[in-house]
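Structural characterization, general
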Amino acid sequence: FTTNFDDVIERCLEADRLQVITPASERTVRTAATLPLYYLHGRARDLAETDKDPRFVISERNYLNLHADNRDLYAQLKNGLFAARLIVIVGYSMRDLEVARMLIEPGHAFEKKTVVVCAPTAKGLGLARLAKFGKVLPIGVDGLADCLAVPRATTARDSRPPQFVELATCPV
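Reference entry: report on the structure contained in this document. Keep in mind that what you see is a predicted model, and the values were worked out from it rather than measured.

Rules and cut-offs
- Residues numbered from 1 in each chain as written.
- Predicted model: local features only at pLDDT ≥ 70, side-chain atom pairs only at ≥ 80, totals over all residues.
- Heavy atoms only, no water.
- Helix = DSSP H or I, 4+ residues; strand = E, 2+ residues; numbered from the N terminus.
- Buried < 20%, exposed > 50% of the residue type's maximum accessible area, 1.4 Å probe, protein only.
- Contact = heavy atoms within 4.5 Å.
- Pairing = 2+ DSSP bridges.
- Axes fitted to C-alpha atoms, helices over the stretch in contact; angles between N-to-C directions.
- Core = buried A, V, L, I, M, F, W, Y, C linked by side-chain atoms within 4.5 Å.
- Expected span 1.5 Å × (residues − 1).
- Arc of directions from axis to C-beta.
- Parallel < 35°, antiparallel > 145°, perpendicular 65-115°, else oblique.
- Left-handed = near helix turned anticlockwise from the far one by under 90°.
- Patch = residues over 30% accessible without salt bridge, like charges linked within 9 Å, V, L, I, M, F, W, Y side chains within 5 Å.
- Areas by Shrake-Rupley, 256 points an atom, 1.4 Å probe, with all protein chains shown as cover.
- Salt bridge = Lys/Arg side-chain N within 4 Å of Asp/Glu carboxyl O.

In terms of helices and strands, the protein chain carries eight helices and five strands. Across the 172 residues of the protein chain, 35% fall into the buried class. At a minimum sequence separation of 6, the contacts of the protein chain that also span at least 24 residues come to 51%.

In spatial order, the strands read β3-β4-β5; together these three strands make up an open sheet with parallel pairing. Either end of the sheet is taken by a strand with one partner, and the two such strands are β3 (87-90) and β5 (135-137). Pairwise comparison of adjacent strand axes, ignoring direction, gives a mean angle of 20° for this sheet. Direction of pairing for strand β4 (residues 114-117) relative to β5: parallel, over a ladder of three bridges. Bridging across to β5, Val-115 finds its partner in Lys-135.

So, about the nonpolar core. Of all hydrophobic cores here, the largest spans 23 residues; its most connected members are Tyr-74, Leu-77, Leu-81, Ile-89, Met-94, Val-99 and Leu-103. Of all elements in the fold, only α5 (71-83), β3 and α6 (97-104) reach the threshold of two or more residues within this core. If we skip the residues at most four places from it in the chain, Leu-77 touches Phe-1, Leu-40, Val-99 and Met-102. Judged by nonpolar contacts, the second largest core, of six residues, contains Val-115, Val-117, Leu-137 and Leu-144.

In this section: α5. In an α-helix, one full turn covers 3.6 residues, which means residues spaced three or four apart are oriented alike. Spanning 13 residues, α5 covers 18 Å between terminal C-alpha atoms, matching the ideal 18 Å at 1.5 Å per step. Taken together, the buried positions of α5 are occupied by Leu-73, Tyr-74, Leu-77 and Leu-81. Projection of α5 onto a plane perpendicular to its axis shows the buried side chains occupying an angular sector of 95°, all on one side. In α5, the exposed positions angled more than 90 degrees off the buried face are occupied by Arg-71 and Ala-83.

Time to look at helix α8 (residues 140-148). Restricting attention to buried positions, one finds in α8 the residues Gly-140, Gly-143, Leu-144 and Cys-147. The buried residues of α8 all sit within an arc of 100° when viewed along its axis, so they share a single face. Of the exposed residues in α8, those oriented more than 90 degrees away from the buried face are Val-141, Asp-142 and Asp-146. Turning to α8, the residues buried within the fold contact β3, β4 and β5.

Let us look at the packing of α5 against α6. Contact pair α5 / α6: the axes reach a minimum separation of 11 Å and the direction vectors enclose 30°. For the element pair α5 / α6, the angle class is roughly parallel. Like other packed secondary-structure pairs, α5 and α6 cross with a definite hand, here right-handed. Contacts between α5 and α6 involve Tyr-74, Leu-77, Lys-78 and Leu-81 from the first element and Glu-98, Val-99, Met-102 and Leu-103 from the second.

Nonpolar side chains collect at one region of the surface, where Leu-86, Val-88, Val-90 and Val-141 lie side by side and expose about 320 Å² of accessible area between them. Its location among the elements puts Val-88 in strand β3.

Written out as structure tokens, the structure is:
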């Protein structure tokens, strides 16, 4: 899930293994063999690839109409939060009230399974605010990449599915 408009994540992943789902998408039903990428606030490429309204979330009015305009995407987000064993939030300010509300809603244990990766320069109140959502790792994207670095297989015989890395080993 992303609230960014750009396609950086798409360009980093294999297109045939990715299902892009945006507010302009015909349907939000997942295809089992693909990794879904949900653009919660719209996707810039939709301006060129479709004649539908991309339903960008930019203005206060857009935020006020989120439930009506992008209800299906936010329902998918909530379902994903419940189904996830681990929630990793990278470089996100948590200033989107709709996303923040879902994560700290009473009665859910999302905080216990959430890791928030923020800039190493984050201090004081910023860290305290993010701590409401889960364990905060002020290591930045580069620090996260270092923690997740797994040596690549050198032969076809060694090619195995990706292994999950214990985030607890990252410096806090």
